[in-house]
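Examining the three-dimensional arrangement
The lines below spell out each chain.
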Amino acid sequence: SPIEGETHPETRLADEDGLGELPAESREQRTERRRAVVDPLLRKLGWTWNRLATEAGVAPKIVYEFRDGITVKLRPVTRNLLADALGISEGELPN
């Protein structure tokens, strides 16, 4: 279990990885942008967000924090797993 105050790796800001700062975007804007792409795919597949986590082989918390805009930028491996499960390219999955 994480140490109190420890940041989950998926929630780190991009500049911590030396990638530069991300443009200012609210959590609500990230949520709206991500759901606009992923929700229709889930409906087409007949999946819930929890099922996406199962199919991608990631913890449900990662999927829900991505959906809800808490995660600013996914790690490349996680992004790849989610995109593959949805049947889309990594470039089609909103950041």
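Residues numbered from 1 in each chain as written. Predicted model: local features only at pLDDT ≥ 70, side-chain atom pairs only at ≥ 80, totals over all residues. Heavy atoms only, no water.

1. A few points about the overall build of the chain
Along its length, the chain carries four helices and zero strands. Going from the N terminus to the C terminus, the chain shows its helices and strands as α-α-α-α. Within the chain, buried positions represent 36% of all 95 residues. A sequence separation of at least 24 residues applies to 56% of the contacts in the chain between residues at least 6 apart. Per element, the accessible surface of the chain, about 5900 Å² overall, is 51% carbon and sulfur. (Helix = DSSP H or I, 4+ residues; strand = E, 2+ residues; numbered from the N terminus. Buried < 20%, exposed > 50% of the residue type's maximum accessible area, 1.4 Å probe, protein only. Contact = heavy atoms within 4.5 Å. Areas by Shrake-Rupley, 256 points an atom, 1.4 Å probe, with all protein chains shown as cover.)

2. Brief notes about the confidence of the model for the chain
Low pLDDT means the predicted atomic positions in that stretch should not be read closely. Across the chain, the average pLDDT comes to 84, with 76% of residues at or above 70. Across the chain, the secondary-structure element scoring lowest on mean pLDDT is helix H1 (residues 27-45), at 96, and the one scoring highest is helix H2 (residues 49-56), at 98. Taken together, the stretch residues 1-18 has pLDDT below 50 and engages in 21 contacts with residues farther than four places along the chain or on a different chain. (pLDDT = per-residue confidence, 0-100.)

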